[in-house]
Each structure stands twice: as C-alpha cells, then as structure tokens.
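Chain by chain, the residues run as shown.
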Amino acid sequence: MVSLFFIGRLLLFILYFDNFKDSGVDYWLTFIYGLRMDTITASVFLLIPLILLTLSPSKFKYFINKFLKYYFLVILSIIIYIENATFPFIAQYDVRPNYLFVEYLVYPREVFSMIFADYKLELFVAFSMIGTFIYLYLKYVKDSVIEMFETSYKKRLLLFIPLLLLLFIGVRSSFGHRPANTSDAMYTTNRMVNEITKNSIYNIVYAVYDNTRNGSQKMIAQYGKMDTKEALERVRKRLNIQNIDDALPLTRVEESHFKTDKPKNLVIFVQESLGYQFVESVGGEKGITPNLNKLSQEGILFKDLYSNGTRSIRGLAGVSAGNYAVPGEGVLKRNKSQSDFFTIASALKPFNYHTTFMYGGESRFDNMRSWYLGNGFDEIIDQPCFENPTFVAPWGVCDGDLVEKANEEFKKMHAKNQKFATVMFSQSNHSPFEFPYEKIELLKDVPANNVKNAVKYADHAIGKLIELAKKEPYYKDTVFVIVADHNVRVYGNDLVPVDMFHIPALILGADIKPLIYDKIATQPDVLATALDLIGLDLTYPIMGHSIFSDKKQNISLMQFHTSYALRVDDKVTVISPNKKPSTFIYKNPATYLDKDNHLTPIDDDKELEKDALAFIITLDHLYEKKLYK
C-alpha cells in the first residue's frame, strides 16, 4: 500500500516540479511528511487483518485466507483507482481529491455522463491498470496466510496487544497530545507541495467524516424552518448591509473614513481566553493587566465587546474573516471553508499585502494551518520556526518569544517596503498556565500557574510588543489590534451567560486618537473598524461595521454550545435545537464579581426570534453554498 502511495506522490512531484522548484521551501520533505499520511491510512486498513489473524481459531483459517485475499484485492484496487483519479482531479481543481470527489455522487447520471465524456483516456488507463493488477494478483497470490495459523492460538493472542499498539501508533502518527491530521501535510507555504504531501484516500475519508458531523439539513431544521430568501433579507436588514451582487448576499464595498495614499499595515494580536474580568479598563479586576490598562488610554477601547463563541476557532474566524459562528463545527475545521472563504488576506491581496499567521504552538491544531493557507495567507510561522526559544510550554513557545519574532518579521517587511497584515495568536494563557514566571511580579495569594498570573504574563507580552514596535520605523505605518478570542471559561445559570462572552479589544496606532467605544460590538465589528483605519476602500462580506460608520448596529450574536443568543440593545432572544425560542431583557453585571442571573424573561419578541433563526439559516447557507467571499 505504502509503495503505491509513494509512486503516486513521486509522479505528482515530477509532474508539478516546475511549480515549486524555485519556491525556496524544503520540497524534498514532502516524501517524509507524506509517509506519515500514508502510514495513517495503511494502519487503518491493516486493523481488520490483525484482528482476524490473531483472534480467530485455526478452524477458520481457510475462510480467513480467502476473505483476506479478496480484502486486499479490493483495497489495493481502490488505491490504484484513487491514485489514478488524483491526477485529473488536481488538474481540474488544483487540490487532491476531497469532499468534492464524492459530494455529487447523489447525481449519478450527470456525474457519470461528465466523467465518461471528459475522462475517457484517464478511465481507460485506470481500469487497465486495475485489470492488470487483478490478473497478476489472482495468478500469483496463493494461500498466503494459512501458514500463519500454524502458530499456536496462545502465541497469536499474545501478539495481538503489541501489534495493535503498533497500529495505534501508526494511526495516531504522533507522540504528542494531539494525533496527526491533514494539517500535518501543510508544512510549507507552497500549496502544491502541501497537496502532494497529502494522501488522497485519507483526504476523502476525513472530508466525508467531517461533513457528516456538521451543517446537515436535519441539524439546521432543529432550530426551525424559514425560507432562505427571507432569512437573508432579515439578516441584511438587521446588520444594515446592502450587498452589491445578488449572488453574494453580504458582499459590498465599504469606503474608508481614513483614506490615504499610504495605507497602513495591520497587526491583529489575538489573546487566548482573555475575559473582561481580568482587565480593569473594561470593568475587570485591578492589577492583572497593567500594560493593557495603560495602552487603553492611547487608542480605541471597546468596552462592551462580545465574542462569537467559546472556542478559539470561533474567535479566530471572527477577527480574521469577520463572520459569526456557524452552526456545527467552526469554519476553520469545516471542509467547504478550506478555500474560497473570505479572510483579510482576500481583501488585502489586491493591494499587495504580505499576509502571515503567527502562532507559538503547532498550527496544525484546530486545522489553523490548513485554513489560513487555503484562504489566501502567504505564510505560516509557528513553533518549528522558532530557533532557540527562551521558554517552551506544552502548547508552544511563550508569548514573549512570539512578540520578539513578530517584531523581527515586521522590521524585515518594512525594510523591503512591503505592506503586511499579520494575525498573531497567543498561547501562554492556556491550561496548564506555564510561562516564564520570572518575567512578571506574580500575584499574591494565587499559585504561580494560576490563570490570573498567566493573563498578567500575556499582558506583559502585549506591552513588550508595543514597546518594541514604538522603537521601529514601521510603528507609524501600522494599526495594531489587541482582541480576545473568547473568555477563559463561559459559565452561569442563564440559558446563555451573555456576561461571560464579554471580552476586551483595543486598537492602537501612531495616528489613532484615544476613544472609548461603549456601545455593543462584536469581533466582526472590530475587524471592520481596523480595516477602516488602514485607509483603503475594500470589498468584503464582513458581518459587522466600523464604529465610524453610521451603518453600525447595536447587536451581537453569541453561540453557546448548540444555542444562540441574538442581542439587540438590551433585548436578547435565545434559540436552541428542538426548543421554542425565548426572549429576555439583559442587565449588565454590577461588577465582574456579580454572577447572578442577568437574563430576565419577557414576552416573546416574535420578530427578534425570527431574526435569530434567520442568522442560523443564513450562516449555514453561506457556508454550504460557499457564498462568504
């Protein structure tokens, strides 16, 4: 099996060599990383033979021999077919077979008519190879496993555990706390090298599995029914968006309120789990974030900002792509959003920006590497890119090393007169909260590896980034955004604990005047505001507005597990699967220590409840039809 995968990869390597020979990436490593993908696939296929050969009594040896003979015949024939099909698929779609490979099999007449019309030669070659293989296999493969049953049953039983462990290691293909996945194939900034590194069968199966878990019509129907056209109209009205193309429901041109002939760079520093309760300047505890509190007097402070959801992938999508949380799995991990999904890279690429995603950990986690590269980002800088880091925690290098690396990269870009846009993602404020303790004055009365100390260290890194930047020429040409992905822990007795979605955000820059924005805002609003400040007229589908726009609405949409809360002013409607929507009045907590219920039931607001359903249907529709672009 692995030999067949290797031959397919080698032929693709030769065929597309001109695409990446001058790219500067380590393209020869495609065979090493590719072997990892092949090992996962082969190990899965070998599980059935292992079980039959070690756990079956000898009296079944003739049956098992025949079964395994045809089992391998079928498996190897499928591999030959898929490896053959990979070549025309890449030629057509520029990627290895994925969900598209099977998505339209529900329309067999149309699909097979197209295949037979356009791929006669490819089909002939593939089936000729399969036919030749079957002939040779049946001719030369005899009773190959019967002799294995001459080993005593007891010995075969004893072999089961170590062999199963070996296959488990092969399937997992990682000794870290996360198993390998398709993101491990995305080891370079060259997309074609990454595609060659993947395994087609693994790619297809993983895509199908991923799709079956998310966004199904049955899942969406649990929230209620509404015509898609009505849903889109309701969302546009609620967000105050006038699209310019009927085919793209949210896409419009937004003119900058700060037009300039020299547009700014953009740096978005996403803070892991930084809840408002840690930040004094937005109503949190004193003494934890001295740098953020000080910097809040220099820029635009969002005092009433709410996160998309409770997971990092929701926040990253919000501040990188400007969309709300889709039903089911987040877009970073969903199949149909791995390409042609709007991000800041999409908006800024026409203006020759170099876009980068920086993370101190392994970017394959939560499929971040695949999603960012697949949606236009030019470069990924993650843990393997850090030489001699000063501190490495279970989740990656410390935030201090991240900001030092970022500053060096920004200096290089500026020296080349290269405009840049970078999304940085911190990791130090993550359980088990390990960081270089000596860098801060630890808080009293809490353990060193406490969340509050981790937040204080994250704040130290924020201060360090701005301190370093202010010493460099690029500072005056750059807009900096500090924003959380979500709160550290969302809890409370309310159906949706709205107060625990409250997060801080701050926008800084040499020409940015201090401002406290105390109206409701969302992560898409923060992104829209930052893009407004860089000084370009942009076309995008962002589900929010700049705070400098008169189109901006006092609205937020929050996802809590499978529930959604749509807030307009202080009225909140909560919608959950298979439950009647409810409407509440929201009262802000008196202080960050106030953990009482903050949602008071009121009479149903039918229109608001319909709008909440409309958002769910629209988000799913935009994803399923690939219209968020």
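Reference entry: report on the structure contained in this document. (Residues numbered from 1 in each chain as written. Predicted model: local features only at pLDDT ≥ 70, side-chain atom pairs only at ≥ 80, totals over all residues. Heavy atoms only, no water.)

1. Considerations on the overall build of the protein chain
1) Next: Along its length, the protein chain carries 21 helices and 18 strands.
2) Next: Since a compact globule built from 629 residues should have a radius of gyration of about 25 Å, the 27 Å found for the protein chain is in line with a globular shape.
3) Next: Once the C-alpha set of the protein chain is aligned to its principal axes, its extents read approximately 80 × 55 × 55 Å.
4) Next: Within the span of the protein chain, comprising 629 residues, buried residues form 56% of the whole.
5) Next: When the accessible surface of the protein chain is split by element, carbon and sulfur atoms take 58% of a total near 28,100 Å².
6) Next: Charged side chains of the protein chain number 71 positive and 71 negative; the gap between the two group centres comes to 5 Å. (Helix = DSSP H or I, 4+ residues; strand = E, 2+ residues; numbered from the N terminus. Rg over C-alpha atoms; globule rule 2.2 N^0.38 Å. Buried < 20%, exposed > 50% of the residue type's maximum accessible area, 1.4 Å probe, protein only. Areas by Shrake-Rupley, 256 points an atom, 1.4 Å probe, with all protein chains shown as cover. Lys, Arg positive; Asp, Glu negative; His and termini not counted. Charge placed at Lys NZ, Arg CZ, Asp CG, Glu CD.)

2. Thoughts on the sheet that holds strand 17 (residues 582–586)
1) Next: If you walk across this open sheet you meet the five strands as 14-15-16-17-18, and the pairing is antiparallel. Of all the strands in the sheet, the pair left with one neighbour each is strand 14 (555–560) and strand 18 (599–602). Geometrically, the sheet is characterised by an average inter-axis angle of 30 degrees between neighbouring strands, direction not taken into account.
2) Next: Bridging between strand 15 (residues 563–568) and strand 16 (residues 571–575) involves five bridges; their strand directions are antiparallel. Its bridge partner being in strand 16, Leu-566 is matched across the sheet by Thr-573. (Pairing = 2+ DSSP bridges. Axes fitted to C-alpha atoms, helices over the stretch in contact; angles between N-to-C directions.)

3. What to know about the packing of helix 15 (residues 312–320) against helix 20 (residues 523–533)
The packing of two helices is summarised by the inter-axis angle and the distance between the axes.
1) Next: Orientation of helix 15 relative to helix 20, taken along the N-to-C sense of each, is 30 degrees, at an axis distance of 7 Å. When the axes of helix 15 and helix 20 are compared, the pair comes out roughly parallel. The element helix 15 and its partner helix 20 pack so that their crossing is right-handed. Within the contact between the two elements, helix 15 uses Arg-314, Gly-315, Gly-318, Val-319 and Ser-320 and helix 20 uses Gln-523, Pro-524 and Leu-527. (Parallel < 35°, antiparallel > 145°, perpendicular 65-115°, else oblique. Left-handed = near helix turned anticlockwise from the far one by under 90°. Contact = heavy atoms within 4.5 Å.)

4. Points about the pattern of salt bridges
One side chain can pair with another of opposite charge once the charged atoms of both are near each other.
1) Next: What the rule picks out here adds up to 34 salt bridges.
2) Next: With a closest N to O distance of 3.4 Å, Arg-36 and Asp-184 form a salt bridge. With Arg-36 in helix 3 (residues 30–45) and Asp-184 in the loop between helix 9 (153–172) and helix 10 (191–197), this pair connects stretches of sequence that are 148 residues apart.
3) Next: Judged by its relative accessible area of 25%, Arg-36 falls in the partly exposed class.
4) Next: According to the relative accessible area criterion, Asp-184 is buried, its value standing at 8%.
5) Next: Note that Lys-405 and Glu-409 form a salt bridge whose closest N and O atoms lie 3.9 Å from each other. Residue Lys-405 and its partner Glu-409 are both found in helix 18 (residues 399–415); the two are separated by four residues, about one turn of the helix.
6) Next: By relative accessible area, which is 23% here, Lys-405 ends up partly exposed. (Salt bridge = Lys/Arg side-chain N within 4 Å of Asp/Glu carboxyl O.)

5. Thoughts on the environment of Leu-402
1) Next: Relative to the helices and strands, Leu-402 resides in helix 18.
2) Next: When the C-alpha atoms of Leu-402 and Ile-381 are compared, they prove to be 9.6 Å apart, with 21 residues separating the residues in sequence.
3) Next: If we skip the residues at most four places from it in the chain, Leu-402 touches Phe-269, Met-358, Tyr-359, Gly-360, Phe-386, Met-424, Phe-425 and Ser-426.

6. Points about the environment of Asp-604
1) Next: Take Asp-604: it is sitting in the loop between strand 18 and helix 21 (606–624).
2) Next: Of the residues examined, Asp-604 reaches a relative accessible area of 30% and is grouped as partly exposed.
3) Next: On a C-alpha basis, the gap between Asp-604 and His-460 in space is 46 Å, while along the polypeptide they are 144 residues apart.
4) Next: When sequence neighbours within four positions are dropped, the list of residues in contact with Asp-604 reads Lys-580, Pro-581, Ser-582, Thr-583 and Glu-609.
5) Next: At a separation of 2.3 Å, a polar atom in the side chain of Asp-604 contacts the side chain of Lys-580. (Polar contact = N/O pair within 3.5 Å; in protein donor to acceptor, adjacent residues only side chain to side chain.)

7. A few points about the packing of helix 18 against helix 19 (residues 451–470)
1) Next: In contact at an axis separation of 9 Å, helix 18 and helix 19 are set at 20 degrees when each is read in the N-to-C sense. By the criterion of interaxial angle, the relationship of helix 18 to helix 19 is roughly parallel. For the pair helix 18 and helix 19, the sense of crossing is right-handed. In this structure, helix 18 contributes Asp-399, Gly-400, Val-403, Glu-404, Asn-407 and Phe-410 to the contact, and helix 19 contributes Tyr-457, Ala-458, Ala-461, Lys-464, Leu-465, Leu-468 and Ala-469.
2) Next: For the contact of helix 18 with helix 19, a count of residues per class yields eight nonpolar, two polar and three charged. (Nonpolar A, V, L, I, M, F, W, Y, C, P; charged D, E, K, R; others polar.)

8. Considerations on the nonpolar core
If you look at soluble globular proteins, the nonpolar side chains tend to sit buried side by side.
1) Next: Counting residues in hydrophobic clusters, the biggest one holds 127 residues, and the most contacted among them are Leu-266, Ile-268, Phe-302, Phe-357 and Met-424.
2) Next: When near neighbours in sequence (up to four residues on either side) are disregarded, Met-424 contacts Val-267, Ile-268, Phe-269, Val-270, Met-358, Leu-402, Val-403, Ala-406, Phe-410 and Leu-465.
3) Next: Judged by nonpolar contacts, the second largest core, of 19 residues, contains Leu-53, Ile-64, Ile-130 and Tyr-137. (Core = buried A, V, L, I, M, F, W, Y, C linked by side-chain atoms within 4.5 Å.)

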